[in-house]
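Chain residues, written in single-letter form:
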Amino acid sequence: MPRHLSTLLAAAALTLAGGGYAIAQGTTGQAGQAGQGGSEPRSPDGKRYLAQPLVRNLYFADPSAHVFNGKIYVYPSHDVDAGIPDDDLGNQYAMHDYQVLSMDRPGGPVTVNPVALDVKDIPWASKQTWAPDAAYKNGTYYLYIPARDKQGVFRIGVATSKSPTGPFKAEPTPIAGSYSIDPAVFTDFNGQSYMYFGGIWGGQLQRWATGRYDPNGGDTDLKRDDQPALSAKVARLSPDMKSFAEAPRDVQILDQQGKPVLGGDHDHRFFEASWLFKRNGKYYFTYSTGDTHYLAYAIGDNPYGPFRYTGRIMEPVQGWTTHHSIIDFKGRWYLFYHDTQLSGKNHLRSAKMTELRFNPDGTIQTINPFKD
Ligand code: FUB
């Protein structure tokens, strides 16, 4: 779709009747989508999807959900088709703006709000506005933005607004000391906020293994299978929510024996897409295993960890990437994720949501993204 047309569509602030997670009727689904016109949509290998896209006429991925003022706001990447072939560095993910989704309740109509921020209005950024997150403090909403800077290095910036749906105004420079991708901001019950971030391969985390950016630091991971895996990072945020109050630390993930998960353990090691939530006094660090396509979780006793690997949140979805968020809404928990149901293409993803259930011991009931 030409960029000016998508902007016009966005400005219309479409309210998509019936676009909720359980039903998704009455929207403008993709032409030729299997199952339109009555029958239930099926994956290319014939499976029925657990949930339907929140939005059907635009592509949204990496859904970071929050509850602000009793409503659900989702801060996703806005996927577009730039005609770039798939590669391991993610060049096909050529997003250039953000739009916020909102809904009053799970299963209710989903509003696609106007463009909240465009890369041309982020002074330090050049391209690839990837998975964002948001936070609220003292009357201001903060949008955290990973993007490539003018030198092609991923950094994380921040933009502010008085409205949860924007428009957001970007700070002139990225957060000092930030790097890589996938920011996720967790605010503890005492009001202290922390940013979790990082991603290997196209997210460039492996290039920071020495603490400084090394452009020759590899395109995937460190290829040291018998060494502890590269870690996500965490940094306490300053009271202004726009800077780090400390140098980023490693988010250590331990296996069931208490040893660091190794780089060669692709079923369990951190790849990208950090999230952090707290339940019953425990801190759940959740993430994607990337090339093995699981959403996994590890449990700790404080925001810094270490976190003990505990299990899978979700089995692989349709599509290469898997990225999520988790919220408590009125005492029930929900997982937001994405897949490629509508496009069949890795870089054109659709955000979805489904209920997340816990066992009495605090473990998570693993979700199959298909009904079959
Ligand atoms: O959307 C671009 C990238 O794909 C995200 O930053 C990753 O988490 C993966 O979902």
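Residues numbered from 1 in each chain as written. Predicted model: local features only at pLDDT ≥ 70, side-chain atom pairs only at ≥ 80, totals over all residues. Heavy atoms only, no water.

Under an unreviewed UniProt entry, the name given to the chain is Alpha-N-arabinofuranosidase, and the organism recorded is Sphingomonas abaci.

Peer 1: Would you mind going over the sheet that holds strand S16 (residues 272-279) in detail, with residue names and values included?
Peer 2: Taking strand neighbours across the sheet as the criterion, the five strands line up as S15-S19-S18-S17-S16 in an open arrangement whose pairing is mixed. The open sheet is flanked by strand S15 (253-254) and S16, the only strands paired with a single partner. In this sheet, strand S19 (residues 307-314) lies alongside S15 in parallel orientation, the contact comprising two bridges. Bridged to Ile253 within S19 is Phe307. (Pairing = 2+ DSSP bridges. Helix = DSSP H or I, 4+ residues; strand = E, 2+ residues; numbered from the N terminus.)

Peer 1: Outline the pattern of salt bridges, supporting the account with residue identities and numerical values.
Peer 2: With the rule as written, the count across this model stands at 20 salt bridges. A salt bridge links Arg349 to Asp79; its shortest N-O distance comes to 2.7 Å. Linking Arg349 in the loop between strand S21 (332-339) and strand S22 (350-356) with Asp79 in strand S3 (residues 71-79), this pair joins segments that are 270 residues apart in sequence. Across this residue pair, the class does not change: Arg349 and Asp79 are buried. The salt bridge partner of Arg249 is Glu246, with a shortest N-O separation of 3.0 Å. (Salt bridge = Lys/Arg side-chain N within 4 Å of Asp/Glu carboxyl O. Buried < 20%, exposed > 50% of the residue type's maximum accessible area, 1.4 Å probe, protein only.)

Peer 1: Got a sec to walk through unusual backbone geometry? Specific residues and values, please.
Peer 2: Generally, phi is negative for residues other than glycine and the peptide bonds are trans, each holding for most cases. With an omega dihedral of 5 degrees, the bond running from Gly166 to Pro167 counts as a cis peptide bond. For Pro167, the position within the fold is in the loop between strand S9 (154-161) and strand S10 (169-170). Residue Pro306 is bonded to the preceding Gly305 through a cis peptide linkage, with omega at 5 degrees. When you line up the elements, Pro306 lands in the loop between strand S18 (295-300) and S19. Although it is not a glycine, Asn138 adopts a positive phi angle of roughly 50 degrees. Counting through the fold element by element, Asn138 comes out in the loop between strand S7 (133-137) and strand S8 (140-149). In this structure Asn138 comes out as exposed when scored by relative accessible area, which is 69%.

Peer 1: Got a sec to walk through the site of the ligand? Specific residues and values, please.
Peer 2: Surrounding the ligand, one finds Asp62, Ser77, Met95, Trp130, Ala131, Ile181, Asp182, Glu272, Thr321, His323, His338 and Arg349. A distance of 2.6 Å is found between an oxygen atom of the ligand and a side-chain nitrogen or oxygen belonging to His323. Residue Arg349 places a side-chain N or O atom 2.7 Å away from an oxygen atom belonging to the ligand. Expressed as a share of its isolated accessible area of 280 Å², the protein-covered part of the ligand is 99%. When the residues that make up the shell around the ligand are grouped by side-chain class, the tally is four nonpolar, four polar and four charged. (Near = heavy atom within 4 Å. Polar contact = N/O pair within 3.5 Å; in protein donor to acceptor, adjacent residues only side chain to side chain. Areas by Shrake-Rupley, 256 points an atom, 1.4 Å probe, with all protein chains shown as cover. Nonpolar A, V, L, I, M, F, W, Y, C, P; charged D, E, K, R; others polar.)

Peer 1: I'd love a proper account of the nonpolar core, names of residues and values included.
Peer 2: Counting residues in hydrophobic clusters, the biggest one holds 39 residues, and the most contacted among them are Tyr144, Met195, Tyr196, Ile253 and Phe285. Looking at this core, the elements that each hand over two or more residues are S8, S9, strand S11 (184-187), strand S12 (193-197), strand S13 (232-236), strand S17 (282-288), S18 and S19. Counting residues per element, this core draws most heavily on S12, at four residues. For Tyr144, the contacting residues outside a window of four places in its chain are Pro132, Asp133, Ala134, Ala135, Gly157, Val158, Ile175, Pro183, Val185, Met195, Leu237 and Met241. (Core = buried A, V, L, I, M, F, W, Y, C linked by side-chain atoms within 4.5 Å. Contact = heavy atoms within 4.5 Å.)

Peer 1: For empty space enclosed by the protein, give the residues involved together with the corresponding values.
Peer 2: Within this structure, the stated rule accounts for one cavity of 30 Å³ or more. For the largest cavity, the calculated volume is near 30 Å³. Here the lining of the largest cavity is built from residues that sort into five nonpolar, three polar and one charged. (1 Å grid on protein atoms, 1.4 Å probe; cavity = no way out; pocket = protein on both sides within 12 Å on 5 of 7 lines; lining within 4 Å. Points joined across faces, edges and corners; volume = space filled by probe spheres on them.)

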